[in-house]
Amino acid sequence: MDRFDAMSILHAVVETGNLSAAGRRLGVPLSTVSRKISDLEAHLGARLLIRSTRSVSLTEVGKAYVVATRRIVEDLAEAERAAAGEYADVKGELVITAPIVFGRLHILPIVTDFLQAYPETDVKLVLADRLVHLADEHVDMALRIATLPDSSDVAVKVGTIRRVVCASPSYMERRGRPQNPAELADHDVVTFSALPLSEAWTFGKGAAARPASPHSRLTVNTAEAAIDAAIAGVGMTRVLSYQIAEAVQAGRLVTVLDDHAPDPVPVSLVYRGQEMLPRKLRAFIDFATPRLKAAL
């Protein structure tokens, strides 16, 4: 039995949620995935997965085994990339993640230019308004819009973005323009649940910052939906400035309470700390950093 192969298949099953999806990702038949997992369990003398008709979950033994073997599989993949020349040449696949709107507006144009500049590279761009874990989801680099916690990851700050409250001109005419955060209690607001910023609206800077929790008439799960609802006049919403730049310029939205805005949010390129960076990753950092700084 090829234990490295079996470990990789087990990790794919865990990441995709079921055996069929793991087989599709790896390009192997479902029967092969099932047999490899069974062989691994027989070799270990322990049950690793609890299987149901639609999904699988790890046993306690399985959870410990996946944690212990993930580093082994990653080290092997790293060694193979080094042997294939990814540390000597700019080539291979990069997996990059970014928030949906920021990624579409700012990261995608950089990626398309990067692919033209480095024809031996491929990029998988994952746009998602959630925290994508670099190691667990095999991501090379993430664009983070947040104050980052201490970790072993490396962050390259490329700028800042403001948090703004906005509404449509028609809503402002109908309900009036709030002059201070306390007046939000008399207004309708739209929140989106994907980001922590939607949980409490903070106003003021530094030690003077104070939270406000206006009542939400509408809760959606993406910033785009919240912006569309605000444009339609449902109420005010709080988003990041770049998300409404086009709508503000076109006059579909106006910002309010700018004098009470909180501290700007840092924007960083984040990658896992490692002794030796693949040339493809170093090339993308050097390529993207000045362009993002200019845009922000």
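Because the structure is a prediction, the values reported are computed rather than measured. (Residues numbered from 1 in each chain as written. Predicted model: local features only at pLDDT ≥ 70, side-chain atom pairs only at ≥ 80, totals over all residues. Heavy atoms only, no water.)

Visitor: Even after reading the chapter, I still don't get the overall build of the protein, so can you show me in this structure?
Guide: Tallying secondary structure elements over the protein gives 9 helices and 14 strands in all. Its C-alpha atoms put the protein at 70 × 45 × 35 Å along the principal axes. Counting only carbon and sulfur atoms, one obtains 52% of the accessible surface of the protein, whose full area is about 15300 Å². One finds the centroid of the 34 positive side-chain charges in the protein at a distance of 2 Å from the centroid of its 35 negative side-chain charges. (Helix = DSSP H or I, 4+ residues; strand = E, 2+ residues; numbered from the N terminus. Areas by Shrake-Rupley, 256 points an atom, 1.4 Å probe, with all protein chains shown as cover. Lys, Arg positive; Asp, Glu negative; His and termini not counted. Charge placed at Lys NZ, Arg CZ, Asp CG, Glu CD.)

Visitor: Can you help me understand helix 7 (residues 223-231) in this one?
Guide: In an α-helix, one turn spans 3.6 residues; hence positions three or four apart end up facing the same way. Residues of helix 7 that are buried include every one of Ala-223, Ala-226, Ile-227, Ala-229 and Ala-230, and no others. Viewed along the axis of helix 7, the buried residues span an arc of 160°, placing them on a single side of the element. In the core, the buried residues of helix 7 are packed alongside strand 8 (189-192), strand 11 (216-220) and strand 12 (236-240). Among the residues trailing helix 7, Gly-233 stands out with phi positive, at a value near 90°. (Buried < 20%, exposed > 50% of the residue type's maximum accessible area, 1.4 Å probe, protein only. Arc of directions from axis to C-beta. Contact = heavy atoms within 4.5 Å.)

Visitor: Sorry, what's going on with unusual backbone geometry here?
Guide: Note: most peptide bonds trans; most residues except glycine with negative phi. Even without being glycine, His-138 reaches a positive phi, approximately 55°. Structurally, the position occupied by His-138 is in the loop between strand 4 (121-127) and strand 5 (141-145). His-138 gets classed as partly exposed once you look at its relative accessible area, which sits at 36%. Despite not being glycine, Leu-257 shows a phi value in the positive range, around 60°. Here Leu-257 lies in the loop between strand 13 (254-256) and strand 14 (265-271).

Visitor: What exactly am I supposed to notice about the packing of aromatic side chains here?
Guide: Aromatic ring pairs are defined here through the distance separating the ring centres and the angle between the ring planes. Per the stated rule, a full pass over the model turns up 4 aromatic pairs. Considering the side-chain rings of Phe-114 and Tyr-118, the 4.8 Å spacing of their centres and the 40° angle between planes classify their relative orientation as tilted. Judged by its relative accessible area of 26%, Tyr-118 is partly exposed. Ring geometry for Phe-114 and Phe-287: centres 5.6 Å apart, planes at 70°, overall edge-to-face. Note that Phe-114 is positioned in helix 5 (residues 100-117) and Phe-287 in helix 9 (residues 279-295), a separation of 173 residues in sequence. Members of the aromatic cluster, connected to one another through ring pairs, are Phe-114, Tyr-118, Phe-284 and Phe-287. Lying over the aromatic face of Phe-203, Arg-238 brings its terminal NZ or CZ to 4.4 Å of the ring centre. Sitting over the face of the ring of Phe-287, Arg-291 holds its NZ or CZ atom 3.7 Å from the ring centroid. (Phe/Tyr/Trp six-rings, centres within 6.5 Å; stacked < 30°, edge-to-face > 60°. Lys NZ or Arg CZ within 6 Å of the ring centre and 35° of its normal.)

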